[in-house]
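# Secondary and tertiary structure notes
Here's the letter readout for the chains.
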Amino acid sequence: MKKTKKSNRVRDSLSDRIFVGGIYVFLVVILLIVLYPLVYIVSSSFSSPEAVTAGKVWLWPVDFSLAGYKEVLTNSNVLRGFMNSIFYTTAYTFIAVTLTVIFAYPLSRKSFYGRNFLMFFIIFTMLFYGGLIPEYLVVQQLGMLDTVWAILIPKAMAVWQIIIARTFFQSTVPEELVEASEMDGCSSLRFLWSVVIPISKPIIAVLALMYAVFQWNSYFDAMIFLKSEELFPLQLHLREILITQTQSGASMDVGEQMERNQLANLMRYSLIVVSSLPVLIIYPFAQKYFVQGMLIGSVKG
């Protein structure tokens, strides 16, 4: 009997090891599938234009060159667009996080009258969207066309972020704490600023990262609402540069046109790296709060 139990344990242990090993193999394969395009883009950005165009780059840079970065970083439009994107991302994130917290906290309190009614209309906007034309007309009527406000205001709050923040406040800030503060004469605004905000760093980091990544990668709103090039974000300048590089060869000879096309092909990878770098730098610092905030904000509804 004892030998049978021992053999069953050995068999279970062996099957568990095989199962865990299979999971590790599967995760490694997924990691390689996700990681390879990133490595390829970085390697291509440090290769020569000829090597990139000829398809010689697979894993490591071929004929190491900084021509793509030199072309990108010496372009005045890229530098101006980079500064514009930093401003848009910073201002938009501050506005969006502030409005989301101010909007989500009252909805998390059971004593707030009409919160279910408001949540219905908030969720309704997730299911039905008016479309681009009504949005453009609203921006036009408000006089925000070709201004920074056209980028900062129309999408200053997202429904999904409001739901996450509301759930976090429900799970983290108990009603007893709110009642105790009211008995001590603390106003709702003072309670929000002195108590709720300090203990809500995880969800604030989550919201800030979500909003910042969304705004940094956004270009469609700028393409629709902005006309002045000095207001263009980086992504729109990158689009203009690539279009110009590929179309400017019409009046050139064959050799110069080929060289220009090779450089434009290399610039694509350099531009991707330059535009992605700020997010890659910020994410490691916010990762701790991001995981914690997403876990707390999504478990209890």
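Details of the structure are given in the entry above.
The structure presented is a predicted model; accordingly, all values stated were derived computationally and were not measured.

Helix and strand counts for the protein come out as 14 helices and 0 strands. Order of helices (α) and strands (β) in the protein, N terminus to C terminus: α-α-α-α-α-α-α-α-α-α-α-α-α-α. Counting every position in the protein, which comprises 301 residues, the buried fraction comes to 35%. Within the protein, contacts between residues separated by at least 24 positions form 73% of all contacts whose residues are at least 6 apart in sequence. Carbon and sulfur atoms make up 69% of the accessible area of the protein, which amounts to about 18,800 Å² in all.

The topology assignment puts Ile122 in helix α5 (residues 115-127). Sequence separation of Ile122 and Ile162 is 40 residues, and the distance between their C-alpha atoms is 8.8 Å.

Taken as a whole, helix α10 (residues 188-196) has its buried residues at Phe191, Leu192 and Val196. One face of α10 carries all of its buried residues, which in axial projection span an arc of 100°. Exposed side of α10, more than 90 degrees from the buried face: Leu189, Arg190 and Trp193 are the residues found there. Contact partners of the buried residues in α10: α4 (76-108), α8 (159-172) and α9 (175-183).

Right, let's get into the nonpolar core. Judged by nonpolar contacts, the single largest core of 37 residues is most densely connected at Tyr105, Phe169, Val196, Ile203, Leu207 and Leu226. Sorting the residues of this core by element identifies α4, α5, α7 (149-152), α8, α10 and α11 (201-217) as the ones contributing at least two each. Per element, the largest residue contribution to this core is 10 residues, and it comes from α4. Those residues within four positions of Tyr105 in sequence are excluded, and the remaining contacts are Phe169, Val178, Phe191, Leu192 and Val196.

Any two side chains of opposite charge can pair if their charged atoms end up close together. The full count for this structure, using the stated rule, is 2 salt bridges. The shortest N-O distance in the salt bridge between Lys155 and Glu135 comes to 2.8 Å. Of this pair, Lys155 sits in the loop between α7 and α8 while Glu135 sits in helix α6 (residues 132-141), and the two are 20 residues apart along the sequence. Between Asp221 and Lys155 there is a salt bridge, and its shortest N-O distance comes to 3.2 Å. Pair noted here: Asp221 is in helix α12 (residues 220-225) and Lys155 is in the loop between α7 and α8, with a separation of 66 residues, a long-range link.

Right, let's get into unusual backbone geometry. Backbone geometry at Asp63 places phi at a positive 55°, although glycine is not the residue there. Tracing the backbone shows Asp63 in the loop between α2 (49-53) and α3 (67-73). Although it is not a glycine, Asp146 adopts a positive phi angle of roughly 60°. Structurally, Asp146 is set in the loop between α6 and α7. Judged by its relative accessible area of 26%, Asp146 falls in the partly exposed class.

Parameters and conventions
Residues numbered from 1 in each chain as written. Predicted model: local features only at pLDDT ≥ 70, side-chain atom pairs only at ≥ 80, totals over all residues. Heavy atoms only, no water. Helix = DSSP H or I, 4+ residues; strand = E, 2+ residues; numbered from the N terminus. Buried < 20%, exposed > 50% of the residue type's maximum accessible area, 1.4 Å probe, protein only. Contact = heavy atoms within 4.5 Å. Areas by Shrake-Rupley, 256 points an atom, 1.4 Å probe, with all protein chains shown as cover. Arc of directions from axis to C-beta. Core = buried A, V, L, I, M, F, W, Y, C linked by side-chain atoms within 4.5 Å. Salt bridge = Lys/Arg side-chain N within 4 Å of Asp/Glu carboxyl O.

Nothing here speaks to function; it is all geometry.
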